[in-house]
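A closer look at the structure
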Amino acid sequence: MRKPRIEDLRPSRLPATVLAAAVGAGSAVLLMLRLFVPRPVGVADNYDGVRLMCHLGVDVRLPRNTPRLRDYVYYRYDHLAHFSCQRHALGSIRLPDVPYRSSQLLVLYAARGLTRVLGLPGYLDLRAVGIVCCLLLGAAVGLLYRVATLRHRYRLLMCAAVVAVVADTVFVDYAVSPFSEIASVIGLLYVAVGVLMLAGPSRRRRLAGIAVTGVSGLFFATAKTQNVPAVLPLALVLLAPAVPVVVPERLTRLAGLADALRLHGLDRRLRHRLTGLVAVMVMAAGAFAVSGNEDKRTAQLTEANFVSVTLLPTSAHPQRDLAEFGAPAWLGQYAGAPPWCAPTALQDSAGYQKFTKGLSHQRILGFFLNHPTRLLPVLDTVAGYFYEPRPTATLCGVGPHGTQFMVLPPLGNYTHLAHTPRGLQDHRWSPVTDALGLLRGFGMGTLVLLWLIPAAAVTAVRRRRALRGVGALLGLLLAVAVTQFGASAFADGIDTAKHLDLAVLATALAWVFAAVEVLAALTARATQNEAGVASIPRPASQPESEPVR
């Protein structure tokens, strides 16, 4: 029996590209309605957004007696003549000298043009950024509909579920903000499209999949520094498929390598992976450019934050841990708070400076190798942020005996217009946030189950050949979730909930794709069983025998 092609699964005679365009346009409209109706929503600045916006020479101008920046969303950004990423300050607050390098800048430049087209006030309006992001997200959903090898109803279900996940307040609200989290969301969706194309039936589809995965992977990896570890699973996906690359015979004859390659059995293997290797090299170069932007002082500060904020609160003997790291004893009074909560005199002391200069990722890794039992409490602590993924600002509050502790007020989602309360949160649509809130208080074991259940379910209902596309996609999503969780857990002790945003998204998308695949497999299996029962020949009816007289 002939297997149905993708074109045979259409519900009508309309071209598949037209249906995909309709799905993409509808998804973009739904996301815009979610973002702007009845009132626009976004994510307020935590005084860190200027490290991204300074590339455009823009800053938000706050009028006098304006409430705190983190409590409200401000759309309008004006161009300042002498404002740059090297010398800048916001009021009396001195900002870090190292700006953010991010692929989100491409979105900001596109939104700058849209701001002029729509006639919005200011040099750059964040509402234009939101429109550009919704268009990009809608196009990604339309491509998902086009490349998925499922029947029409299941493709629509998959796209609707993806839109429902992305429309959650912890994802789409970043579209109207001075942060680069929305670039990670956009990049991951296009990476998913490329991975599904890699499992396509034709050589042309697989080559297009490598191109889409490579370009979107570069955009995704350069969105945030925390995304750099995800380059490794992306590289494995790109190098795994056997995509033939035609090499002219004249070129191989001139090079004199045809016989040698054929002799060692490397000709076909190298040609199959040449295109993927080029894409991986470009991605790695982009990731290196982003990760190499952080200066040594900032890296030492993040490592010190991890020790004081994440490690010390889980320790039964904080002073012993501080002695092992060579840290001053006074740092134990600020366990659970970043070191910059301490007085300036203590931060400038010789003991603290020696401690920060001796910190490194290798030294932290060596600490856990010597104390492996300390790893699980740290992971449990970070998993608590996973179940509450709303972004927060990191502040220092006054505690007992004059010490300070860390305060995490949530960032506001609305403007200050219409007498909006400070720090008002957006709760209009939050299925992922609410579902994770039910797991609040659970530790790392529950999080591991969230990662294993989708993979186990798809493996149980799908055959090996059918696992080629969805299996690679699920593996990539789970690898992104795990690597990004680890990078957020051990790279920085502050803003952890904000940094875990991508891990939450990858986990939610893994559940979506797994649920749709399991439903499609079970339905197909039930249909085959019914067809098999209907095809069984029934025995011919025989006349009843007459009773014996």
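Up top is the structure.
Residues numbered from 1 in each chain as written. Predicted model: local features only at pLDDT ≥ 70, side-chain atom pairs only at ≥ 80, totals over all residues. Heavy atoms only, no water.

**Considering the packing of helix H4 (residues 126–147) against helix H5 (residues 152–166)**
Just so we agree on the cut-off: Axes here mean lines fitted to C-alpha atoms, for a helix over just the part in contact, with angles spanning 0 to 180 degrees between N-to-C directions. Helix numbering and strand numbering both begin at the N terminus, where a helix is a DSSP run of H or I of at least 4 residues and a strand a DSSP run of E of at least 2. Angular relationships are summarised with four words: roughly parallel below 35 degrees, roughly antiparallel beyond 145, roughly perpendicular across 65 to 115, and oblique for the angles in between. Crossings are sorted by hand: turned counterclockwise from the far helix by less than a right angle, the near helix makes the crossing left-handed, and turned clockwise it makes it right-handed. Residue contacts are counted whenever heavy atoms from the two residues lie within 4.5 Å of one another. Any residue outside Ala, Val, Leu, Ile, Met, Phe, Trp, Tyr, Cys, Pro, Asp, Glu, Lys and Arg is labelled polar, Gly included; the first ten of those are nonpolar and the last four are charged.
Across the interface, H4 lies against H5 with an axial gap of 9 Å and an inter-helix angle of 155°. By the angle between their axes, H4 is roughly antiparallel relative to H5. As for the relative orientation of H4 and H5, their crossing is right-handed in sense. Here Leu137, Val141, Leu144, Tyr145 and Arg146 of H4 lie close against H5, whose contacting residues are His152, Arg155, Leu156, Met158, Cys159, Val162, Val163 and Val166. Its residues assigned to classes, the contact of H4 with H5 shows ten nonpolar, one polar and two charged.

**A closer look at a nonpolar patch on the surface**
Note the threshold: Patches here are clusters of residues that have more than 30% relative accessible area and form no salt bridge, with a 9 Å joining cutoff for like charges and a 5 Å cutoff for nonpolar side chains (Val, Leu, Ile, Met, Phe, Trp, Tyr). Every accessible area reported is derived by Shrake-Rupley at a probe size of 1.4 Å, with residue values counting cover from the shown protein chains alone. The salt bridge criterion pairs a side-chain nitrogen of Lys or Arg with a carboxyl oxygen of Asp or Glu, the two atoms within 4 Å. To sort residues, take the accessible area from a 1.4 Å probe on protein chains only and compare it with the maximum for the residue type: under 20% means buried, over 50% means exposed, and anything in between is partly exposed.
Among the surface-exposed residues, Val29, Leu30, Leu33 and Val37 lie close enough to one another that they form a single nonpolar patch of about 360 Å² accessible area. Looking at the element boundaries, Leu30 is found in helix H1 (residues 16–36). Residue class for Leu30 comes out exposed when judged on its relative accessible area of 52%.

**Details of the side chain of Asp78**
The condition that has to hold: Throughout this description, a polar contact denotes any pair of N or O atoms lying within 3.5 Å of each other; where both atoms belong to protein, one of them has to be capable of donating a hydrogen while the other can accept it, and for residues adjacent in sequence the pair is counted only when both atoms sit in side chains.
Tracing the backbone shows Asp78 in strand E2 (residues 76–79). For Asp78, a relative accessible area of 12% gives the class buried. Here the side chain of Asp78 touches Arg76 through a polar contact of 3.0 Å, side chain to side chain. Asp78 has contacts with Gly57, Val58, Asp59, Arg61, Gly122 and Tyr123, leaving out every residue within four places of it along the chain.

**So, the sheet that holds strand E5 (residues 124–125)**
Keep this limit in mind: Two strands qualify as a pair provided that DSSP identifies no fewer than 2 bridges between them.
On the basis of which strands lie adjacent, the open sheet formed by three strands has the order E1-E2-E5 and antiparallel pairing. If you trace the sheet from one side to the other, it starts and ends with strand E1 (58–59) and E5, each paired once.

**Concerning empty space enclosed by the protein**
Applied cut-off: Here a cavity means grid points, on a 1 Å grid over the protein atoms only, where a 1.4 Å probe fits yet cannot get out; a pocket means an open set of points with protein on both sides within 12 Å along at least five of seven lines; lining residues are those with an atom within 4 Å of a point. Grid points are joined across faces, edges and corners, and a volume is the space filled by probe spheres set on the points.
All told, the structure shown has two cavities of 30 Å³ or more when counted by the stated rule. Estimated volume of the largest cavity: approximately 60 Å³. Lining the largest cavity are Val43, Ala44, Asp45, Val60, Leu69, Tyr72, Val73, Tyr74, Tyr77 and Pro178. Classifying every residue of the lining of the largest cavity gives nine nonpolar, no polar and one charged. Taken as a whole, the second largest cavity encloses approximately 40 Å³ of empty space. Of the residues that constitute the lining of the second largest cavity, the class distribution is five nonpolar, three polar and two charged.

**Observations concerning the packing of helix H13 (residues 318–325) against helix H16 (residues 361–370)**
Between two packed helices, the angle of one axis relative to the other and the distance separating the axes together describe the packing. Where H13 contacts H16, the two axes come as close as 11 Å, and the packing angle between them is 130°. Regarding the angle of H13 to H16, the classification is oblique. The interaxial crossing formed by H13 with H16 has right-handed handedness. Mapping the contact onto sequence places Asp321, Glu324 and Phe325 in H13 and Arg363, Ile364, Phe367 and Asn370 in H16. A per-class count over the contact of H13 with H16 returns three nonpolar, one polar and three charged.

**A word on the state of the cysteines**
Going by this rule: Cysteine sulfurs are considered disulfide-paired once they come within 2.5 Å of each other.
Going through the model one piece at a time under the given rule, you end up with one disulfide. Free cysteine: Cys133, not disulfide-bonded; nearest cysteine sulfur from Cys134 at 7.0 Å.

**Things to note about the pairing of E2**
Summarising the sheet, E1 and E2 pair through two bridges and their orientation is antiparallel. When the sheet's bridge partners are listed, Val58 is paired in E2 with His79. Direction of pairing for E2 relative to E5: antiparallel, over a ladder of two bridges. Counterpart to Arg76 in the pairing with E5 is Asp125.

**Points about the packing of aromatic side chains**
What counts, and what does not: Each Phe, Tyr or Trp ring, with Trp reduced to its six-membered ring, pairs with another whose centre is within 6.5 Å; inter-plane angles below 30 degrees give stacked pairs, above 60 give edge-to-face pairs, and intermediate values give tilted ones. The criterion is that NZ of a Lys, or CZ of an Arg, lies within 6 Å of the ring centre and within 35 degrees of the ring normal, and then a charge sits over that ring.
This structure, assessed with the given rule, holds eleven aromatic pairs. Each residue in the set Phe306, Phe325, Phe367, Phe368 and Phe490 is aromatic and connected to the rest through ring pairs, giving one cluster. Looking at Arg153, its charged tip hangs above the ring of Tyr154, at a distance of 5.8 Å from the centre. Lying across the ring of Tyr145, Arg155 places its NZ or CZ 4.5 Å from the centre.

**Some details on the environment of Gly113**
Structurally, the position occupied by Gly113 is in helix H3 (residues 104–118). Judged by its relative accessible area of 32%, Gly113 is partly exposed. Distance in space between the C-alpha atoms of Gly113 and Tyr123 is 9.5 Å, their sequence separation being ten residues.

**A closer look at the nonpolar core**
Using the following cut-off: Grouping buried Ala, Val, Leu, Ile, Met, Phe, Trp, Tyr and Cys residues that are joined through side-chain atoms within 4.5 Å yields what is termed a nonpolar core.
Counting 146 residues, the largest nonpolar core has Val162, Phe355, Phe386, Leu447, Phe485 and Leu509 as the members making the most contacts within it. Top contributing element to this core by residue count: helix H22 (residues 501–535), with 15 residues. Those residues in contact with Leu509, other than ones at most four positions away along the chain, are Val162, Val165, Leu188, Leu189 and Leu477.

**Details of the pattern of salt bridges**
Side-chain pairs of opposite charge can arise where the charged atoms are in close proximity. The full count for this structure, using the stated rule, is ten salt bridges. With a closest N to O distance of 3.6 Å, Arg51 and Asp48 form a salt bridge. An identical accessibility class is assigned to Arg51 and Asp48; each is buried. One salt bridge in this structure joins Asp321 and Arg374, with 2.8 Å as the shortest N-O distance. You can see Asp321 sitting in helix H13 and its partner Arg374 sitting in the loop between H16 and helix H17 (375–386), a full 53 residues away along the chain. What you see here is one network of salt bridges that share partners, running through Arg34, Asp173, Asp426 and Arg428.

**Brief notes about the environment of Ala503**
Here Ala503 is to be found in helix H22. For Ala503, a relative accessible area of 0% puts it in the buried group. Residues Ala503 and Thr483 lie 20 residues apart in sequence; the distance between their C-alpha atoms is 8.2 Å.

**Some points on the side chain of Thr496**
For Thr496, the position within the fold is in helix H21 (residues 496–499). Every residue in contact with Thr496, bar those within four places of it in the chain, is listed here: Val382, Tyr385 and Ser488.

**Notes on unusual backbone geometry**
Following Val37, the chain continues into Pro38 via a peptide bond in cis, with omega recorded as -5°. Tracing the backbone shows Pro38 in the loop between H1 and helix H2 (50–53). Within the chain, Tyr47 stands out as a residue other than glycine whose phi angle is a positive 70°. Tracing the backbone through its elements, the reader meets Tyr47 in the loop between H1 and H2. Overall, the relative accessible area of 24% leaves Tyr47 in the partly exposed class. Notably, Asp495 is not glycine yet its phi reads approximately 55°, a positive angle. Summarising the element assignment, Asp495 is placed in the loop between helix H20 (467–491) and H21.

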